[in-house]
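# Overview (structure and organization)
Chain by chain, the residues run as shown.
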Amino acid sequence: MTAAKGPTKGPTKGPTKANGPTNGGQPQSARALARDVLARVERDGAYAGRALATALDRGRALSPEDRALTTELVYGVLRRRSRLDRAIDALARTGTGNLDPGVQIALRTAAYQILFLDRIPAYAAVSEGVEACKAIGGRGVAGFANALLRKLARTGEPALPDGAGDPAGYLEAAVGFPAWLVRLLLDELPASEAVAFGDASMTPAPVALRANAPRIARDALVARLAAERPGAALLPSSIAPDAILARRFDAPATTAAWREGLFAVQDAGAQVVAELCGAAPGERILDACAGVGGKTAHLLALSGGQAQVDAVDKAPAKLHDASRTLQRLGLTSARLVAGDLTRPLDSSLTTLGYHRILLDAPCSGLGVLRRHPEALIRRSPDDLAALAAQQLAMLATVAPALRPGGLLTYAVCTFERQECEEVVAAFLRAHPTFQIEPATAAGGRVPWGQLMDPSGAVRTWPQRDDADAFYAVRLRARG
């Protein structure tokens, strides 16, 4: 595979400076707003999606083009941060490591426009980047930025390794994965697949929707949304029977279909996890790390609203959001419980025993880099052992709450063995009454054969399925 200049295209219209949020009474451009969000992510450890949503909510006067550019810059710079630094450092005689963090962000933002946004004139990116650097560091820094960015616009970035001949070098230089992540990926996948995974992780993910089956079928939802958003591309997922992969589909919560509770936003891989767990009328089900309720709602939908789902999470704010989601979707037979799975379950959750338990455990998030590229600058290989230990402890916590013959589904949104196969193997050694039940036993409408690995677990991948990279496995307790 040969390296390309970049798959991303800029907005169809240039940004304006006449509107947008204010800073000290002055209107902020889309570029300035993007730099502010990037600073929050790097300086404060904010999640990019939340920080961006907050910024765009404050900037309601921004034009659609400026909102699109702000989003493009935030996610583009985070995805390509390492590659941008490589290009910048190659032109900086003394390096950029000692620069003010705000100057570094300004240089990356300008470099991203120069290298990856064909519709943004290079002179405009250079000029605005230089002015931002001047405001932070004065004329000396502005002169340095001007010379560097102009040269980058003339010469482009240094040559990139070829993906076919040097997959490790390509994944580090062109994709921007750290060396430790490249090693893990090449241990898991053939070289060509690893390169494809890297490229897919740098590509914006679709907005994945799930038709709320008790209220509407997927095909009917596609027709309804196409009428509301005629410019959207709405493609049924090949792996999740209720999933729609939507592009050019911004602000789904502003549609009438959303307000009527006809769909939820949920990645296709996450939908496959809920399908693997399954649900039936009359069953008691534990959603052990419920978060904001996406899988709780899906499990209820699979049962036609006739299961009793206990949704547990340690964050009350997430449970509040889950309650609102369930109300909007008309799925109200869930009990929301605050609980910490690093401690024994409350007796109210274990008295009768569950038919099914779903544990979508906290993990490294290496499978969701398309949606959360900030993980590239936050994760290290030292994190994995601690996460695996936590996951194993959570499995041990919920297992006693399962009825004899019940089903425990374990899932993580990552791909590396330490959090996947090794956690499951350790759990099975400590709990010999459990065994892996192949995904094909789940039945239903999911093409399990194409997703199942030799152990019987399920894998989804961005490069194969246009879904986040999930690992999920069914563990059956002997009756």
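Summarised in this report is the structure supplied together with it. (Residues numbered from 1 in each chain as written. Predicted model: local features only at pLDDT ≥ 70, side-chain atom pairs only at ≥ 80, totals over all residues. Heavy atoms only, no water.)

### Some details on the sheet that holds strand 3 (residues 207-211)
- Taken in spatial order, the 4 strands line up as 4-5-3-6 in an open sheet, and their pairing is antiparallel. Both edges of this open sheet fall to strand 4 (233-236) and strand 6 (263-265), since each of them pairs with a single strand only. Here the strands of the sheet are splayed against their neighbours by 30 degrees on average, with no regard to which way each runs.
- Pairing between strand 3 and strand 5 (residues 243-247): 4 bridges, direction antiparallel. By the bridge assignment, Ala208 is partnered in strand 5 with Leu245. (Pairing = 2+ DSSP bridges. Helix = DSSP H or I, 4+ residues; strand = E, 2+ residues; numbered from the N terminus. Axes fitted to C-alpha atoms, helices over the stretch in contact; angles between N-to-C directions.)

### Description of the packing of aromatic side chains
- A full pass over the atoms with the stated rule returns 7 aromatic pairs.
- Consider the rings of Phe197 and Phe415, whose centres lie 5.3 Å apart with planes at 70 degrees: the pair is edge-to-face. Here Phe415 lies in the loop between strand 11 (402-412) and helix 18 (421-430) and Phe197 lies in helix 10 (residues 191-201), a separation of 218 residues in the sequence. When sorted by exposure, Phe197 lands in the same class as Phe415, which is buried.
- With 5.9 Å between their ring centres and 85 degrees between their planes, Phe197 and Trp461 make a pair best called edge-to-face. Of this pair, Phe197 sits in helix 10 while Trp461 sits in the loop between strand 13 (458-459) and helix 20 (462-465); the two residues are 264 residues apart in sequence, bridging distant segments of the chain.
- One aromatic cluster is present, built from ring pairs that chain together Phe177, Phe197, Phe415 and Trp461.
- If you follow Arg284 out to its NZ or CZ, it ends over the ring of Tyr354, 4.4 Å from the centre.
- The residue whose ring lies beneath Arg328 is Trp258, and the NZ or CZ to ring-centre distance is 3.5 Å. (Phe/Tyr/Trp six-rings, centres within 6.5 Å; stacked < 30°, edge-to-face > 60°. Buried < 20%, exposed > 50% of the residue type's maximum accessible area, 1.4 Å probe, protein only. Lys NZ or Arg CZ within 6 Å of the ring centre and 35° of its normal.)

### What to know about the pattern of salt bridges
- Considering all chains together, one arrives at 29 salt bridges under this definition.
- With its nearest N and O atoms 3.1 Å apart, the salt bridge here joins Arg247 to Asp466. Of the two residues, Arg247 is situated in strand 5 and Asp466 in the loop between helix 20 and strand 14 (471-477); the sequence distance between them amounts to 219 residues.
- A relative accessible area of 34% means that Arg247 is categorised as partly exposed.
- Arg459 serves as the salt-bridge partner of Asp453, at 3.8 Å between the closest nitrogen and oxygen. (Salt bridge = Lys/Arg side-chain N within 4 Å of Asp/Glu carboxyl O.)

### Here we look at unusual backbone geometry
- Backbone geometry places Arg248, a non-glycine residue, at a positive phi of 55 degrees.
- Locating Arg248 in the fold gives a position in the loop between strand 5 and helix 12 (256-259).
- Residue Arg248 is classed as exposed on the basis of its relative accessible area, which comes to 64%.
- A positive phi angle is found at Asp466, which is not glycine, with a value near 55 degrees.

### Re the pairing of strand 14
- Of all 7 residues making up strand 14, 6 are buried, and the element is well covered by its neighbours.
- Pairing of strand 12 (residues 434-437) with strand 14 involves 4 bridges; the strand directions are antiparallel. Within the sheet, the bridge partner assigned to Glu437 lies in strand 14 and is Arg474.

### So, the environment of Thr325
- If you trace the backbone, Thr325 turns up in helix 15 (residues 316-329).
- According to the relative accessible area criterion, Thr325 is partly exposed, its value standing at 21%.
- A sequence separation of 204 residues divides Thr325 from Pro121, and the C-alpha atoms of the two residues are 43 Å apart.

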